[in-house]
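Next come the chains, spelled out residue by residue.
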Amino acid sequence: MKSTNREKLERQGYCIVRSLFDQSMIEKIGQWCDKALEHVSENHRSQFKSQGCLVDISDYPDFSEIIGHEALAALFDDLDLGGHVFSSGSIISKPPASPPLFWHHDWWGWDDPLSYTDRIPQVNMMIYLSPTSPDNGCLRVIPGSHHQKHPIHEVPAVYGSSISRVENPEHPLYQSWEGEVAIEVQPGDVVVKDTRLLHSAYANTSNENRTLLSLNFNPDFSDLPAGMQARIKSIFMREREFDGCSVPN
């Protein structure tokens, strides 16, 4: 019998798991994130104005504790996502007075027919370190867009430095769309999403950073097509950058 979280993940493309991590663990993760964010340059901040700071956790071995944490292992069991492997992870910190994140999905495997099935090829675990709301740039999603066509899919865009720098703030991919849902969470909550799901974030109009830890996992890795396995390995080994953040046309 499927768990409620698994049913929501399949139907909506995401689920919210409340209070998965206690305050002591969140404080520890926050300390690791703060240490890594100290090294972010002003050039990086300007290049990723839409996303906020993006820090690859591969250079910070402390994060291995959370990747293998028993709470995440129990969550994978609840979601019936066995045989998973970790592929990549980032600290995402949206600074005060920053613009919206553009609408996109994080999946790169659209050339394979498997991507158009009910199988979940990749999940993203978003571990939140602070409360979120539309005022401080919380996540927003289009439920069901991991399987269903949405007008956002038809918006022509070239994903790269221009849209990350927000050179055209009036671009439709920064705007609100019909059907969007704001995901408001508390520290210790985890949002699990199918990486095919369309999502973005509101502008951070608060005076505080909005920081989270984002981890990508591929369930049933050994049963994925050989080409997908090779690409996941290359992402993990950093032979190529994780190249999500796109919309299929």
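Provided above is the structure to which this section pertains.
So, a few notes on the structure that sits alongside this text. Please read these numbers as outputs of a predicted model, since none were measured by experiment. Each chain has its residues counted from 1, following the order in which its sequence is written. Given that the model is predicted, a residue must reach a pLDDT of at least 70 before its local features are reported, and side-chain atom pairs must reach 80 or more before they are shown or counted; all residues, however, enter totals for whole chains, interfaces and linings. The basis for every side-chain value is the complete set of non-hydrogen atoms in the structure, without hydrogens or water.

**A short note on the nonpolar core**
Think of a nonpolar core as a cluster: buried Ala, Val, Leu, Ile, Met, Phe, Trp, Tyr and Cys residues, connected wherever their side-chain atoms sit within 4.5 Å. Residue burial is assigned from relative accessible area. The probe radius is 1.4 Å, only protein chains are included, and a residue is buried under 20% of its type maximum, exposed over 50%, and partly exposed in between. Counting residues in hydrophobic clusters, the biggest one holds 36 residues, and the most contacted among them are Ile 29, Phe 63, Ile 66, Met 125, Val 192 and Leu 215. Secondary structure counts use DSSP, requiring at least four H or I residues in a row for a helix and at least two E residues in a row for a strand, with both numbered from the N terminus. For this core, the secondary structure elements donating two or more residues are strand 1 (14-17), helix 2 (23-37), strand 2 (53-56), helix 5 (70-79), strand 3 (85-94), strand 5 (123-128), strand 8 (190-194) and strand 10 (210-218). In terms of residue count, the dominant contributor to this core is helix 2 (seven residues). Dropping the residues within four chain positions of it, Val 192 is found in contact with Leu 9, Gly 13, Tyr 14, Cys 15, Val 17, Leu 75, Leu 79, Val 123, Asn 124 and Met 125. Throughout, a contact is declared for two residues whenever any of their heavy atoms are within 4.5 Å.

**Digging into the pattern of salt bridges**
What counts as a salt bridge is simple: a side-chain nitrogen of Lys or Arg found within 4 Å of a carboxyl oxygen of Asp or Glu. Going through the model one piece at a time under the given rule, you end up with twelve salt bridges. For Lys 149, the salt bridge is made with Glu 154, and the minimal N-O distance between the two is 3.6 Å. With a shortest N-O distance of 2.2 Å, Arg 165 and Glu 167 are connected by a salt bridge. Note on Arg 165: relative accessible area 28%, which makes it partly exposed. The class of Glu 167 is partly exposed, set by a relative accessible area of 47%.

**Some thoughts on the sheet that holds strand 6 (residues 139-141)**
The four strands lie next to each other as 4-9-6-7, forming an open sheet whose pairing is antiparallel. In the strand order of this sheet, the two ends are held by strand 4 (101-104) and strand 7 (181-183), each with one partner. Taking each pair of neighbouring strands and ignoring which way they run, the sheet shows an average axis angle of 25 degrees. Sheet topology note: the strand 6/strand 9 (residues 199-201) ladder contains three bridges and is antiparallel. Considered in strand 9, the bridge of Val 141 is made with His 199. Each pair of strands is called paired provided DSSP finds at least two bridges between the two strands. Angles shown run from 0 to 180 degrees and are taken between the N-to-C directions of axes, each axis being a line fitted to C-alpha atoms and, for helices, limited to the stretch in contact.

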